[in-house]
Amino acid sequence: MREADYRTPHFGADSVEHRSRLLELWETSPGIKGFFTTVDHKMIGIRYIVTAFIFLALGGVESLIMRVQLAGPNGTLLTPEQYNDLFSTHGMTMIFLYASPILSGFSNYLWPLLLGSRDMAFPRLNALSYWIYLASGLFLYAGFLTGNGPNDGWFNYVPYAERAYNPGLNQDFYALGMVFLGISTTVGAANFIVTAMRTRAPGMSLSRLPIMIWGTLTASVANLLVIPAVSLAFFLLWMDRQYGTHFFDNTEGGQPLLWQHLFWIFGHPWVYAIVLPAMGMVSDGLPVFCRRPLVGYAPVAISTVATMVLGFGVWVHHMFATGLPAVSMSFFSGISIVIVVPSAIAVFAWLATIWLGRPVITTAFLFFSSMILLFVIGGVSGFMTASIPVDWQLTDTYFVVAHLHYVLIGINVFPVIGAVYFWFPKMTGRLLDERLGRWNFWTMFIGFNLAFLPMHVTGLLGMPRRVYTYGPGMGWDTLNLVTTIGSFVLALGVLLFIINVLKSLRVGVPAGANPWDAPTLEWAVSSPPPAYNFAVIPTVASRHPLWEARLGTRGARSSVDQGMLLDTGKETLGTSALNAHPDMVLEMPKDSSAPFLLAVGTAVLFVGLLLRQGVTVSIGTAIAALALLFWLWPRQELREREAAHG
Amino acid sequence: MTSPLDYLHSAGGSADVIRPLTWTTLIISTAVIVVIGVILWIAVSRAQARGGAEATRSIPIQEGARGTKWISTGVAISAVPLLLTLVWTMVALAKITSGGPANAIVLDVTPRQWWWDVQYASPDPSQIFSTANEIHIPVGMPVKVRLHGADVIHSFWVPKLSGKADAIPGRTNVTWLQASAPGRYRGQCTEFCGFQHAHMAFEVVAETPEAFAAWRSRQLAPAPEPTTPEQMRGRDFVEYRCGLCHRVRGTTAGALIAPDLTHVMTRAQIASGTLPTNTGTLATWIRNPQALKPGSLMPNQNMTGSELADTLAYLELLQ
């Protein structure tokens, strides 16, 4: 039996017949069936991106309503209840339903293309991850639209979140929704880690990984470690609320501070998880427009990992005012200051890349390079909050609101929009309009800074966060008006972006395979790429496979038109973790309805838990169990075979 | 550029220790932004082309200089202010957390949704009294504040005098107040605590030791006796209606779940820093607190005109 599990893959050159054979194996069937069953990472990636942008737009509209309320003192547009629902939903939306999923979307789309592979390691898990993200997003928004949205901030401190102070369904929606969403993030992270370790093109050793892979890989490892903390916290909260446990209730021996620890042990590493992949986009995208390789590849890659490692030792800086002992806080203060160093490495690497390169100003370049400045502004304000005494003044004022928006908009939204300008041609085959792009960039850049730069001063003048209104005579009136105006300009910029995307989808200039003359593998395939990505498995000999001739790379050259054919089934290559030596032929699963059905079953289960209806819970569990059984049923064609390469 | 809650200015206590550190880190931060901004601007202005994909392709690829000096130099320069801030942070932290004299005045402050219960502690029970939303302290003397959590988490903050300290159920946190000059310093809850988090302010009144002593002995006294018929009817009303939640020492109104009203008229503001104290605002507040602070735990009072007039007549007495 074992004998049959070995085989030698065929090597050869790309050809028309070969491609048509692959297409038959890989292409998702059209129509409604394909829609629900596809496991193609590119389709899933685009779905992630589109869904996340819809949530970004929703979160943006929520913030505009709040900005109208806060434009002047004693605003009366919103009741306190409505305002609290809005600011909490805004935070939840932007952080959980936009910032992380958008990066998952790009990584899903790009990873196999960057890595020279035909799909993610676990394509069905990938589909499940998306469907659960969508279902949990709908679940959370069902709460908001029925007046049961989160109402205690995204951080959701107890005891206010407990039933005694928060009797509605709001917190049950939020708690269960977060546990639900955690499943998506967890399986997604596991998939990224295995994909990075096992499905790289031969020759793509760790030292040849694009920085974006480093970013998402690091973030995924962090996610696997920290998501359990937040899922547990929300589960315990739900138990407290519905089953009379007292995990956070001090009158019965519980501890409100436990929530804060569990939440921030998750929350702060998570902040890095939602910026590191975006920083990776800049590290990979910016050099293309500087017409040279990134300065300091190794320091930047190491600093990515270092940020995350240090990032596990900073969570208490969210809790400096809780009365923890000064000695233990000073440890976290020290780490929070030290973590500036890896960020500084990235900043100076980017600056040097522009300075020592020959920059070409395109819209993507403008987004990537301006991000450096926004990153520095968000970074230094974060450095200020790392100093415990200073934080005692800064924390919970608008200074922190300004800080976190520079971090999340500056280091996530700006690189992401830049990444759309950069990779949209790859995804669609058409370039975005550069002229409209300039308008898009400058409106967003000016609007954003107009809204959030003065907000630092609002904070220094003492305006507390999370207030639905404020009185006159506090010195905040003009600043708030400016912020409101800026937020609308920023929104206009986002609107221009959406218009550009919709317009260019139809009439954009055809892009060709490599419109930017970029160095990495995704640009070696057509735009948009075929379902199977690579007709032959590429061989990688350097960090810049498509620039080798011009960089004068010595020794072996990368190859994208000759290699393993892998066309006897839906196959891709498994390689070793460190050096990417060919290891085994991976049999990839065909399109399947199991992920969708599992997500539906899980959604029904969570609705049942929310309503505490045993019948609904049972139905959901049954659907999920059947879907899992169907999914895991052993199939002859999916057995893994090792390549007999000696 | 000064506002009641700004922390770029300070008036004593730990705020004095923090202020120079805040300014220094702010100046360092601004300088970093300017320097990086200028480098970035110069680097970008050396652009070889502008446009789109075609312009990008027109510039050939070059290996270029290695440039790792940029990183080592940049990090080395960055390390200096980081180290400085780290050391200064620890020094300031040690100074602030070293406590104060053992014989200091001690306050027990219990923030509640959405007001501040303030009790002046004393080993002698006859010297203990309660007030709300207004803290008096003698100038130049450190005052110890014990923060008790009662319902949800709140945070005690008087930016001109001291940084934030949370009041967490099941814990007692300690912070110190000290003012170097007489004045009124605004405080504010800074941990989100529900509907009226926005309207949860208070004031610290720093006064000369003599004025403080006078204030204290006045606060210790029970409520003045009513003299006119209106005031007497007003007291009756306060006892059987307001007394369900409030206390007026010297009467049968003895509940402790809402602000102590014994000397309410001596306080500059009502409804936790929301309105100035006068007959008009009191009338508006008593009749319709839900319009002023929606969600407030004080229900609207259905009172006849004469009931309200009587009540106000009595409350005005509570000096």
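These numbers were taken from a predicted model, which means no experiment stands behind them.

## What to know about the overall build of chain A
For step 1, the next point in the chain: The number of helices and strands found in chain A is 20 helices and eight strands.
For step 2, the next point in the chain: A compact globule built from 646 residues should have a C-alpha radius of gyration of about 26 Å, and chain A, at 25 Å, falls within 12% of that.
For step 3, the next point in the chain: Along the first, second and third principal axes, the C-alpha atoms of chain A reach 75 × 60 × 50 Å.
For step 4, the next point in the chain: The proportion of buried residues among the 646 residues of chain A is 67%.
For step 5, the next point in the chain: Carbon and sulfur atoms make up 70% of the accessible area of chain A, which amounts to about 21,000 Å² in all.
For step 6, the next point in the chain: Across chain A, the centroid of the 36 positively charged side chains sits 8 Å from that of the 35 negatively charged ones.

## Concerning the overall build of chain B
For step 1, the next point in the chain: Along its length, chain B carries eight helices and 13 strands.
For step 2, the next point in the chain: Along the first, second and third principal axes, the C-alpha set of chain B runs to 95 × 50 × 35 Å.
For step 3, the next point in the chain: Each of the 319 residues in chain B was classed as buried or not, and the buried ones make up 53%.
For step 4, the next point in the chain: By sequence separation, contacts in chain B at least 24 residues apart represent 62% of the contacts at least 6 residues apart.
For step 5, the next point in the chain: Carbon and sulfur atoms make up 61% of the accessible area of chain B, which totals about 13,300 Å².
For step 6, the next point in the chain: A distance of 11 Å separates the average location of the 25 positive side-chain charges in chain B from that of its 22 negative side-chain charges.

## Some remarks on the pairing of strand β8 (residues 162-167) of chain B
For step 1, the next point in the chain: The element β8(B) is largely enclosed, with a buried count of six among its six residues.
For step 2, the next point in the chain: Following strand β7 (residues 154-158) of chain B, the chain reverses through three residues before pairing antiparallel with β8(B).

## A closer look at the environment of S272(B)
All names here are of chain B.
For step 1, the next point in the chain: By the element assignment, S272 lies in the loop between β12 (269-270) and β13 (275-276).
For step 2, the next point in the chain: Note on S272: relative accessible area 1%, which makes it buried.
For step 3, the next point in the chain: Along the backbone, S272 and I96 are 176 residues apart, and their C-alpha atoms lie at a distance of 28 Å.
For step 4, the next point in the chain: Each residue touching S272, except ones within four places of it in the same chain, is listed here: W114, W115, W116, N133, H199, M200, A201 and K293.
For step 5, the next point in the chain: Of the polar contacts made by the side chain of S272, one reaches the backbone oxygen of A201; its length is 2.8 Å.

## What about the sheet that holds strand β10 (residues 183-188) of chain B?
Residues and elements named next belong to chain B.
For step 1, the next point in the chain: Taken in spatial order, the three strands line up as β5-β11-β10 in an open sheet, and their pairing is mixed. Strand pairing shows two members of the sheet lacking a second neighbour, β5 (134-138) and β10, which therefore form its edges. With direction set aside, neighbouring strand axes in the sheet form an average angle of 25°.
For step 2, the next point in the chain: Note that β5 and strand β11 (residues 201-207) share five bridges and pair parallel. By the bridge assignment, P138 is partnered in β11 with E207.
For step 3, the next point in the chain: Contacting β5 and β11, helix α4 (residues 209-220) crosses the sheet at an angle of about 135° to β5.

## Topic: the packing of aromatic side chains
For step 1, the next point in the chain: Across all of its chains, the model carries 71 aromatic pairs over all chains by this definition.
For step 2, the next point in the chain: Seen from their ring centres, F53(A) and Y98(A) are 6.3 Å apart, and the 50° between their planes marks the pair as tilted. Separated by 45 residues along the polypeptide, F53(A) in helix α3 (residues 41-70) and Y98(A) in helix α4 (residues 80-115) bring together distant segments of the chain. Grouping residues by exposure puts F53(A) and Y98(A) together as buried.
For step 3, the next point in the chain: Of the aromatic side chains, those joined through ring pairs into one cluster are F53(A), Y98(A), F367(A), Y406(A), F414(A), Y421(A), F441(A), W442(A), F445(A), F448(A), F452(A) and F497(A).
For step 4, the next point in the chain: Residue placement shows R543(A) over the ring face of Y297(A); its charged tip is 3.7 Å from the ring centre.
For step 5, the next point in the chain: Over the ring of W157(B) we find K164(B), and its NZ or CZ is 3.8 Å from the ring centre.

## Considering the pattern of salt bridges
For step 1, the next point in the chain: With the rule as written, the count across this model stands at 20 salt bridges over all chains.
For step 2, the next point in the chain: Two residues, D172(A) and R241(A), come together in a salt bridge whose shortest N-O distance is 3.0 Å. Within this pair, whereas D172(A) is found in helix α6 (residues 170-198), its partner R241(A) is found in helix α7 (residues 211-243), the two being separated by 69 residues in sequence.
For step 3, the next point in the chain: Across the salt bridge formed by R19(B) and D16(B), the nearest N and O atoms sit 3.7 Å from each other.

## Brief notes about the side chain of T93(A)
For step 1, the next point in the chain: With respect to the helices, strands and loops of the structure, T93(A) is situated in helix α4.
For step 2, the next point in the chain: Apart from residues lying up to four places away in sequence, T93(A) is in contact with F55(A), G59(A), E62(A), Y98(A) and Y141(A).

## With respect to the interface of chain A and chain B
For step 1, the next point in the chain: Counting residues at the interface gives 96 residues for chain A and 91 residues for chain B.
For step 2, the next point in the chain: Broken down residue by residue, the surface that chain A buries against chain B is led by W355(A), R358(A) and Q393(A), which jointly contribute 10%.
For step 3, the next point in the chain: Where chain A packs against chain B, one counts one salt bridge.
For step 4, the next point in the chain: E191(B) is paired through a salt bridge with R466(A); the nearest N and O atoms lie 3.5 Å apart.
For step 5, the next point in the chain: On the surface where chain A and chain B come into contact, there are 30 residue pairs in polar contact (both at pLDDT 80 or more).
For step 6, the next point in the chain: Here the side of chain A that touches chain B gets eleven residues from one element, more than from any other, and that element is helix α12 (residues 340-355) of chain A.

## Quick notes on the packing of helix α5 (residues 123-145) of chain A against helix α19 (residues 594-611) of chain A
Residue and element names in this part refer to chain A.
For step 1, the next point in the chain: As a packed pair, α5 and α19 sit with axes 8 Å apart at the nearest point and diverge in direction by 30°. As far as their axial angle goes, α19 and α5 are roughly parallel. Every pair of crossing elements has a handedness; the one defined by α5 and α19 is right-handed. Contact residues: α5 offers R124, A127, L128, W131, I132, A135 and F139, while α19 offers P595, F596, L598, A599, A603, F606, V607 and L610.

## A look at the state of the cysteines
For step 1, the next point in the chain: Applying the stated criterion across every chain yields a total of zero disulfides over all chains.
For step 2, the next point in the chain: Between C193(B), a cysteine without a disulfide, and C189(B), which holds the nearest cysteine sulfur, the sulfur-to-sulfur distance is 3.9 Å.

## Some words on a nonpolar patch on the surface
For step 1, the next point in the chain: A grouping of L492(A), L495(A), I498(A), I499(A), L502(A) and L505(A) is seen on the molecular surface, where their side chains present a nonpolar patch of about 530 Å² in accessible area.
For step 2, the next point in the chain: Its relative accessible area of 37% is what places I498(A) among the partly exposed residues.

## Quick word on the environment of S370(A)
All names here are of chain A.
For step 1, the next point in the chain: Note that S370 resides in helix α13 (residues 363-386).
For step 2, the next point in the chain: Judged by relative accessible area, which is 8%, S370 ranks as buried.
For step 3, the next point in the chain: When the C-alpha positions of S370 and F441 are compared, they lie 9.6 Å apart, and in sequence the two are 71 residues distant.
For step 4, the next point in the chain: Setting aside residues no more than four positions away along its own chain, S370 makes contact with F365, F414, F441 and F445.
For step 5, the next point in the chain: From its side chain, S370 meets the backbone oxygen of F367 in a polar contact 3.2 Å long.

## Comments concerning the pairing of β5(B)
For step 1, the next point in the chain: Burial analysis of β5(B) places five of its five residues in the buried class, the great majority of the element.
For step 2, the next point in the chain: The side-chain alternation of β5(B) yields two buried faces, one formed by E134(B), H136(B) and P138(B) and the other by I135(B) and I137(B).

## Examining the packing of α4(A) against α7(A)
Residue and element names in this part refer to chain A.
For step 1, the next point in the chain: It is the contact of α4 with α7, at a shortest axis distance of 11 Å, that shows an interaxial angle of 130°. As far as their axial angle goes, α7 and α4 are oblique. Considering how the two elements wind past one another, α4 and α7 form a crossing that is left-handed. In this structure, α4 contributes F106, S107, L110, W111, L114 and L115 to the contact, and α7 contributes M212, I213, T216 and L217.

## Concerning the nonpolar core
For step 1, the next point in the chain: Counting 265 residues, the largest nonpolar core has F106(A), W350(A) and I135(B) as the members making the most contacts within it.
For step 2, the next point in the chain: Considering every element that reaches this core, the biggest residue donor is helix α15 (residues 398-428) of chain A, with 20 residues.
For step 3, the next point in the chain: With 23 residues, the next largest nonpolar core counts F237(B), A253(B), M265(B) and L312(B) among its residues.

## Topic: the side chain of H405(A)
Residue and element names in this part refer to chain A.
For step 1, the next point in the chain: Looking at the secondary structure, you find H405 in helix α15.
For step 2, the next point in the chain: You can call H405 buried: its relative accessible area is 16%.
For step 3, the next point in the chain: Ignoring any residue separated from it by four or fewer positions in sequence, one finds H405 in contact with H90, G410, F448 and F452.

## Brief notes about unusual backbone geometry
For step 1, the next point in the chain: For the bond from V158(A) to P159(A), the omega torsion is 0°, close enough to zero to count as cis.
For step 2, the next point in the chain: Following the sequence through the fold, P159(A) ends up in the loop between α5 and α6.
For step 3, the next point in the chain: At the junction of Q113(B) and W114(B), the peptide bond is cis and its omega measures out at -5° in the coordinates.
For step 4, the next point in the chain: If you check the backbone angles, L566(A) has positive phi at about 45° while not being a glycine.
For step 5, the next point in the chain: Following the sequence through the fold, L566(A) ends up in the loop between β5 (559-564) and β6 (571-575).
For step 6, the next point in the chain: In this structure L566(A) comes out as buried when scored by relative accessible area, which is 3%.
For step 7, the next point in the chain: A positive phi angle, near 55°, is found at A271(B), a position not held by glycine.

Cut-offs and rules
- Residues numbered from 1 in each chain as written.
- Chains lettered and ligands numbered in written order.
- Predicted model: local features only at pLDDT ≥ 70, side-chain atom pairs only at ≥ 80, totals over all residues.
- Heavy atoms only, no water.
- Helix = DSSP H or I, 4+ residues; strand = E, 2+ residues; numbered from the N terminus.
- Rg over C-alpha atoms; globule rule 2.2 N^0.38 Å.
- Buried < 20%, exposed > 50% of the residue type's maximum accessible area, 1.4 Å probe, protein only.
- Areas by Shrake-Rupley, 256 points an atom, 1.4 Å probe, with all protein chains shown as cover.
- Lys, Arg positive; Asp, Glu negative; His and termini not counted.
- Charge placed at Lys NZ, Arg CZ, Asp CG, Glu CD.
- Contact = heavy atoms within 4.5 Å.
- Pairing = 2+ DSSP bridges.
- Polar contact = N/O pair within 3.5 Å; in protein donor to acceptor, adjacent residues only side chain to side chain.
- Axes fitted to C-alpha atoms, helices over the stretch in contact; angles between N-to-C directions.
- Phe/Tyr/Trp six-rings, centres within 6.5 Å; stacked < 30°, edge-to-face > 60°.
- Lys NZ or Arg CZ within 6 Å of the ring centre and 35° of its normal.
- Salt bridge = Lys/Arg side-chain N within 4 Å of Asp/Glu carboxyl O.
- Buried area = accessible area lost by both parts, 1.4 Å probe.
- Parallel < 35°, antiparallel > 145°, perpendicular 65-115°, else oblique.
- Left-handed = near helix turned anticlockwise from the far one by under 90°.
- Disulfide = S-S within 2.5 Å.
- Patch = residues over 30% accessible without salt bridge, like charges linked within 9 Å, V, L, I, M, F, W, Y side chains within 5 Å.
- Core = buried A, V, L, I, M, F, W, Y, C linked by side-chain atoms within 4.5 Å.

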